[in-house]
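Structural description and commentary
Here is what each chain is made of, one letter per residue.
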Amino acid sequence: MERATVDNRAVCEDEMRWCIQHSTWHMGFASVFSSRLSRKSASHAEKDDGAMAGGEGYRNPTEVQMSQLVLPCHTNQRGELSVGQLLKWIDTTACLSAERHAGCPCVTASMDDIYFEHTISVGQVVNIKAKVNRAFNSSMEVGIQVASEDLCSEKQWNVCKALATFVAHRELSKVKLKQTTPQTEEEKTEHSVAAERRRMRLLYADTIKDLLANCVIQDDLESRDCSCMVPAERTRVESVELVLPPHANHQGNTFGGQIMAWMENVATIAASRLCRAHPTLKTIEMFHFRGPSQVGDRLVLKAIVNNAFKHSMEVGVCVEAYRQGAETQRRHINSAFMTFVVLDADDQPRTLPWIRPQPGDGERRYREASARKKIRLDRQYIVSCKQTEMPISVPWDPSNQVYLSYNNVSSLKMLVTKDNWVLSSEINQVRLYTLEDDKFLSFHMEMLVQVETIQAFLLLSDLLRRPEWDKHYRSVELVQQVDEDDAIYHVISPALGGDAKPQDFVILASRRKPCDNGDPYVIALRSVTLPTHPETPAYRRGETLCSGFCFWREGDQLTKVSYYNQATPGFLNYVTTNVAGLSSEFYTTVKACEQFLLDNRSDLAPSLQTL
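Because the structure is a prediction, the values reported are computed rather than measured.

Cut-off values and rules
Residues numbered from 1 in each chain as written. Predicted model: local features only at pLDDT ≥ 70, side-chain atom pairs only at ≥ 80, totals over all residues. Heavy atoms only, no water. Helix = DSSP H or I, 4+ residues; strand = E, 2+ residues; numbered from the N terminus. Buried < 20%, exposed > 50% of the residue type's maximum accessible area, 1.4 Å probe, protein only. Contact = heavy atoms within 4.5 Å. Salt bridge = Lys/Arg side-chain N within 4 Å of Asp/Glu carboxyl O. Pairing = 2+ DSSP bridges. Axes fitted to C-alpha atoms, helices over the stretch in contact; angles between N-to-C directions. Patch = residues over 30% accessible without salt bridge, like charges linked within 9 Å, V, L, I, M, F, W, Y side chains within 5 Å. Areas by Shrake-Rupley, 256 points an atom, 1.4 Å probe, with all protein chains shown as cover. Lys, Arg positive; Asp, Glu negative; His and termini not counted. Charge placed at Lys NZ, Arg CZ, Asp CG, Glu CD. Core = buried A, V, L, I, M, F, W, Y, C linked by side-chain atoms within 4.5 Å. Phe/Tyr/Trp six-rings, centres within 6.5 Å; stacked < 30°, edge-to-face > 60°. Expected span 1.5 Å × (residues − 1). Arc of directions from axis to C-beta. Parallel < 35°, antiparallel > 145°, perpendicular 65-115°, else oblique. Left-handed = near helix turned anticlockwise from the far one by under 90°.

On to the overall build of the chain, then. Counting its regular elements, the chain contains eleven helices and 25 strands. Burial status across the chain gives 57% buried among its 611 residues. Expressed as a percentage of contacts within the chain between residues at least 6 apart in sequence, the contacts between residues at least 24 apart total 70%.

As structure tokens, this is what we get:
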């Protein structure tokens with residue numbers, strides 16, 4: 001977990017400097033990218049491209065499109081586009097988008113997980129779109145979307161989505177990237193959430209370590225019939241590749257897509273040795289390149305099946321580089337983990353044989369694969385789900401806390417960036433907005449307060465003090481201080497309306513400082529479930545899907561404080577009563593919050609002053 005939010009920028013800049021010094025290209029993947037397409041165009045040079053593609057109107061100035069016809073030379077033994085070839089095309093398209101924004105050469109620092117939803121057959125067309133979601137100091141996040149098209153039937157399918165981090169690189173000067181200017185609601189959402197995704201990437205390695213250190217990974221190696229198990233060593237593969245000029249970019253660095261294609265090749269061979277069939281790659285795990293590779297390097301690729309589950313298997317791949325006669329030790333370029341399945345004639349996954357790991361490192365890899373599967377399922381479920389597809393309260397445990405925190409903050413940021421908020425009322429400079437969207441009724445209260453922004457943020461971050469101004473919080477108990485940015489509280493609330501019982505809530509509170517100028521301070525709240533705090537007969541368990549505060553600095557000692565809430569069914573009648581003007585409780589609560597901030601401007605809790 002992240003140790004201190006104030007160190008975020010320093011950590012990010014150190015990481016980016018490392019990437020520039022070790023300029024290399026890299027591929028990995030993620031499932032978190034908006035499914036709607038941006039169709040905007042700003043530069044005159046791109047208008048002709050948009051016209052050729054049949055597009056109309058505005059188009060994102062960083063958007064790059066690539067269309068490729070899948071030929072037999074691009075396919076595997078099943079007549080489907082090989083993932084390695086697809087990775088090369090994705091790598092090229094994303095790089096061109098990054099360089100269009102940066103105006104200079106770029107290298108790929110990382111990519112998040114990717115989940116392959118559909119295969120592509122020979123004769124079909126691959127359509128790839130890439131655009132810069134957000135630029136930071138010298139790095140930028142690029143969103144990639146891949147679809148396939150059947151020219152005969154005109155059908156189209158989503159294949160995969162990815163998020164890549166690129167770093168701009170000049171030989172003689174440090175690069176300071178210009179900021180992107182989001183125009184559409186989708187662009188604003190991606191721009192806002194990109195900062196939270198970057199934070200999650202930085203915590204990924206710690207998440208794996210914490211799960212392995214603090215959780216017991218269950219396995220049944222001792223109870224399995226060894227005669228039916230395949231020795232892991234039988235799946236081991238080692239292959240060497242010579243990096244030639246066609247494998248490298250204009251700077252002489254090996255294409256990340258090319259390295260990934262070689263990795264996919266050896267991983268497929270290892271998987272085939274276990275199942276004795278032609279496996280299908282379903283997932284590539286999030287990863288970072290760890291070192292450079294240039295023309296003339298020899299790359300040694302090693303692969304082995306780490307673990308076989310009922311219907312899937314994890315293959316670990318390691319890449320090392322050396323120069324003939326110039327190095328005594330190999331350089332570690334990258335390690336990646338790929339998940340394969342074997343499909344039958346009906347495209348259903350087949351049952352796989354068990355794997356028997358070697359003692360020592362083999363057993364360690366076996367158990368780590370189980371931990372990664374747990375984290376991968378949590379991440380896929382929490383991060384990639386739409387808001388309407390998630391239960392309101394999600395179970396909390398150490399393996400998913402990073403992703404629940406991410407979902408908590410990103411959900412609030414996405415609610416904030418909606419562009420169809422409607423002003424319902426204004427009383428004494430307190431504004432009430434409403435939003436009807438995605439089967440939810442949301443409201444938003446806004447006011448200006450004569451308080452420094454950081455002070456308002458710190459005061460309202462402490463939920464233990466919320467009963468001082470919010471009568472809906474009768475009592476608050478700190479259940480768990482997860483880290484300096486996240487905490488879990490148990491809240492007791494008075495009964496609403498005709499309810500006989502008071503309500504209780506188990507709430508995850510996640511707070512964030514701004515990543516760049518113009519970003520708000522954020523306090524995000526959502527319900528979670530904890531085994532230590534089950535429902536009890538004394539209270540009616542309430543739930544909050546998405547709520548919280550955003551703070552913008554409007555001037556010296558002046559802050560815009562905004563409260564957002566996506567109303568759940570149990571809270572809906574209370575919300576509509578206030579929106580319709582039949583109750584003034586919203587207004588009274590907001591004014592009490594304002595007075596609390598004014599009265600405590602210089603009275604910050606010591607535990608919060610170190611944030």
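Having put the structure on the table, let's press on.
Bringing the pattern of salt bridges into the picture now. In total, this model carries 29 salt bridges according to the counting rule given. The residue E190 makes a salt bridge to R197 at a minimum N-O spacing of 2.8 Å. One exposure class covers both E190 and R197, and it is buried. Between D486 and R199 there is a salt bridge, with its nearest N and O atoms 3.7 Å apart. One end of the pair, D486, is in strand β20 (residues 486-493); the other, R199, is in helix α4 (residues 185-214), and 287 residues separate them in sequence. Using a relative accessible area of 1% as the deciding quantity, one classes D486 as buried. One network of salt bridges, in which partners are shared, links D112, E141, E190, R197 and R201.

Once that is clear, we can look at the side chain of T93. By the element assignment, T93 lies in helix α3 (residues 83-102). Once residues within four sequence positions are removed from consideration, T93 is found in contact with V64, M66, I128 and A130.

Let's shift gears to the sheet that holds strand β10 (residues 287-288). Spatial ordering of the open sheet is given by β1-β4-β5-β6-β2-β10, a layout of six strands whose pairing is antiparallel. Since the sheet does not close on itself, it has two edges, and those belong to β1 (64-69) and β10, each with one partner. Sitting on the sheet, α3 touches β1, β2 (106-111), β4 (125-135), β5 (139-149) and β6 (156-168), and the angle it makes with β4 is about 35°.

Time to look at a positive patch on the surface. Residues R234, R273, R276 and R356 make up a contiguous surface patch of positive charge. Positionally, R273 belongs in helix α5 (residues 256-275).

Considering soluble globular proteins, one finds that nonpolar side chains tend to be buried as a cluster. Residues L86, M140, I144, I284, M313 and V315 are the most contacted members of the largest nonpolar core, which totals 73 residues. Excluding anything up to four places from it in sequence, M313 contacts A271, L274, C275, V305, N307, A308, M338, T339, F340, V342 and L352.

What the rule picks out here adds up to eight aromatic pairs. Taking the centre distance of 6.1 Å and the plane angle of 80° together, the rings of F457 and F551 count as edge-to-face. Of this pair, F457 sits in helix α8 (residues 453-461) while F551 is found in strand β24 (residues 546-555), placing the two residues 94 residues apart along the sequence. You'll find F457 and F551 in the same group, each marked buried. Ring plane angle 70° and centroid distance 6.3 Å describe the contact between W469 and F549, whose orientation is recorded as edge-to-face.

Okay, a nonpolar patch on the surface next. Together, L69, L71 and L151 make up an exposed nonpolar region whose accessible area comes to about 260 Å². Examined against the element boundaries, L69 turns out to sit in strand β1. By relative accessible area, which is 42% here, L69 ends up partly exposed.

Attention now goes to the sheet that holds strand β8 (residues 237-242). Strands sit in the order β3-β9-β13-β12-β11-β8 across an open sheet of six strands; the sheet is antiparallel. Looking at strand neighbours, the two that pair on one side only are β3 (114-115) and β8, the edges of this open sheet. Here strand β12 (residues 313-322) pairs with strand β13 (residues 331-341) via nine bridges, running antiparallel. The residue bridging V319 from the neighbouring strand is N334, located in β13. Contacting β8, β9 (280-284), β11 (298-308), β12 and β13, α5 crosses the sheet at an angle of about 40° to β11.

With that settled, consider helix α10 (residues 585-599). Taking 1.5 Å of rise per residue, the 15 residues of α10 would be expected to cover 21 Å, and the 21 Å separating its terminal C-alpha atoms lies within 8% of that figure. Taken together, the buried positions of α10 are F586, T589, V590, C593, E594, F596 and L597. End-on, the buried residues of α10 take up no more than an arc of 160°, which puts them together on one face.

The subject of this paragraph is α3. With 20 residues, α3 extends 28 Å between its outermost C-alpha atoms, agreeing within 8% with the 28 Å of an ideal straight helix rising 1.5 Å per residue. With 16 of 20 residues buried, α3 lies mostly within the body of the structure. Positive phi shows up at G103, right after α3, with a value of about 75°.

Bringing the pairing of β5 into the picture now. Of all eleven residues in β5, ten are buried; the element is thus mostly enclosed. Inspection of the sheet shows β4 paired to β5 by ten bridges, in the antiparallel sense. What sits directly across from A135, in β5, is M140. Linking β4 to β5, which pair antiparallel, is a turn of three residues. Relative to β6, β5 runs antiparallel, the two sharing eleven bridges. When the sheet's bridge partners are listed, A147 is paired in β6 with N158. As consecutive antiparallel partners, β5 and β6 are separated by six residues, and within that stretch E154 has a phi angle of approximately 65°, a positive value.

On to unusual backbone geometry, then. Unlike most non-glycine residues, Q429 shows phi in positive territory, near 65°. Position of Q429 among the secondary structure elements: in the loop between β16 (422-427) and β17 (430-437). Relative accessible area serves as the criterion here: at 66%, Q429 is assigned to the exposed category.

Where α3 contacts α5, the two axes come as close as 8 Å, and the packing angle between them is 165°. Here α5 runs roughly antiparallel to α3, going by the angle between their axes. Here α3 runs over α5; the crossing is right-handed. Side by side, α3 and α5 meet where V83, G84, L87, K88 and D91 of the first sit next to G256, G257, Q258, M260, A261 and E264 of the second.

Right, let's get into the side chain of T180. Within the fold, T180 resides in the loop between β6 and α4. In this view, T180 contacts H101, V132, N133, R134, A135 and H191; residues no more than four positions away in its chain are not counted.

Regular strands show a simple pattern: their side chains alternate between the two faces of the sheet. By the criterion of burial, strand β25 (residues 558-567) is predominantly enclosed, with eight of the ten residues buried. Where strand β18 (residues 440-449) and β25 come together, nine bridges link them in antiparallel fashion. Each residue of the ladder has a partner; that of M447, found in β25, is V561. Where β24 lies against β25, nine bridges are found, and the strand directions are antiparallel. Bridged to C546 within β25 is Q566. Connecting β24 to the next strand, β25, in antiparallel fashion are two residues, including Q557 with a positive phi near 60°.

The values are spatial; any link to function lies outside them.
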